[in-house]
Amino acid sequence: QPIPNNAQLVFKGKLFDVYQWEQVMFDGTKKTFEKVKRPDTVLVFPIMDDGKILLIEEEQPGSTPVICPIGGRVDEGEDALDAVKRELLEESGYVANEFVLWKAINPEIKVDRAKYFFIAKGLKKVSDPSNDNGEKINFKTVSFDELMELAYNEKLDEREIILDFLQAMISEDEYKELKNM
């Protein structure tokens with residue numbers, strides 16, 4: 001549900017903008033609706049030469065550490081592919097020969113933002129990570145089955161894809177399809 005053209009920007013923040021508009025209800029009355037807009041997000045599961053998946057344990061100020069794929073915000077003027085290449089390089093020091101878009105979703109109905117999940121293959125280490133001062137990152141490589149277990153035990157911090165992993169655990173076809181990606 002996109003933000004309507006008649007919506008007014010009522011708050012502009014560093015990360016979130018708030019829009020409001022009058023919406024006609026089913027009975028003909030009007031109510032003020034609002035929606036938050038924020039930059040899109042990219043996340044990537046890099047596949048190492050040995051078949052293991054590179055994850056990060058990330059901590060940001062004021063939060064507890066989480067295990068998640070590498071990723072971040074799409075900057076203004078970037079598309080999702082450019083952003084995921086930049087994030088992979090910045091956070092890990094790797095570049096990849098191939099990026100496969102696994103899934104794209106809009107996870108929240110009241111927030112205008114997409115999340116893009118990629119798989120990266122053909123990795124090559126070209127530099128040290130260059131993380132900003134607002135993140136502590138440790139690397140963790142896991143097998144596909146260990147990734148599935150992290151999802152099952154709710155230790156993987158991307159709730160939008162947990163169901164995909166759980167479905168793959170009970171469907172042999174979905175398991176094979178996801179593992180082959």
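See the structure shown above.
The notes below deal with the structure included here. (Residues numbered from 1 in each chain as written. Predicted model: local features only at pLDDT ≥ 70, side-chain atom pairs only at ≥ 80, totals over all residues. Heavy atoms only, no water.)

### Examining the packing of aromatic side chains
In this description, a pair of aromatic rings is defined by centroid distance and the angle of the planes. Going through the model one piece at a time under the given rule, you end up with seven aromatic pairs. Consider the rings of W21 and F33, whose centres lie 6.2 Å apart with planes at 45 degrees: the pair is tilted. Linking W21 in strand β2 (residues 17-24) with F33 in strand β3 (residues 30-37), this pair joins segments that are 12 residues apart in sequence. Look at W21 and you get buried, because its relative accessible area is 6%. Given a relative accessible area of 24%, F33 falls into the partly exposed group. Their ring planes at 75 degrees and their centres at 6.4 Å tell us that F45 and F165 sit as a pair that is edge-to-face. In this pair, F45 sits in strand β4 (residues 41-46) while F165 sits in helix α3 (residues 159-170), placing the two residues 120 residues apart along the sequence. Across the pair, exposure class does not vary: F45 and F165 are buried alike. Following the ring pairs from residue to residue traces out a cluster consisting of F45, W102, F117 and F165. (Phe/Tyr/Trp six-rings, centres within 6.5 Å; stacked < 30°, edge-to-face > 60°. Helix = DSSP H or I, 4+ residues; strand = E, 2+ residues; numbered from the N terminus. Buried < 20%, exposed > 50% of the residue type's maximum accessible area, 1.4 Å probe, protein only.)

### Describing the environment of L163
Along the chain, the position of L163 falls in helix α3. Look at L163 and you get exposed, because its relative accessible area is 53%. Separated by 10 residues in the primary sequence, L163 and N153 place their C-alpha atoms 12 Å from one another.

### Considering the environment of K176
Position of K176 relative to the elements: it lies in helix α4 (residues 172-180). Residue classification places K176 among the partly exposed residues on the basis of a relative accessible area of 43%.

### Some thoughts on the sheet that holds strand β10 (residues 115-125)
Judged by pairing direction, the sheet is mixed, and its four strands sit side by side in the order β7-β4-β10-β8 without closing on themselves. Looking at the sheet topology across the chains shown, the edges are occupied by β7 (70-73) and β8 (94-105). For this sheet, the mean angle separating the axes of adjacent strands, direction not counted, is 25 degrees. Where β4 and β7 come together, four bridges link them in antiparallel fashion. Within the sheet, the bridge partner assigned to L43 lies in β7 and is G71. (Pairing = 2+ DSSP bridges. Axes fitted to C-alpha atoms, helices over the stretch in contact; angles between N-to-C directions.)

### Let's talk about the nonpolar core
Most often, soluble globular proteins keep nonpolar side chains buried together rather than apart. Counting 21 residues, the largest nonpolar core has F45, L55, W102, L147, L156 and F165 as the members making the most contacts within it. Ranked by residues supplied to this core, first place goes to helix α2 (residues 144-152) with five residues. In this structure, W102 is in contact with F45, F117, F118, I119, I161, D164, F165, L178 and M181, ignoring residues within four places of it in sequence. Counting residues in each nonpolar core, the second largest holds 19 residues, with I56, A80, F99 and L123 among its members. (Core = buried A, V, L, I, M, F, W, Y, C linked by side-chain atoms within 4.5 Å. Contact = heavy atoms within 4.5 Å.)

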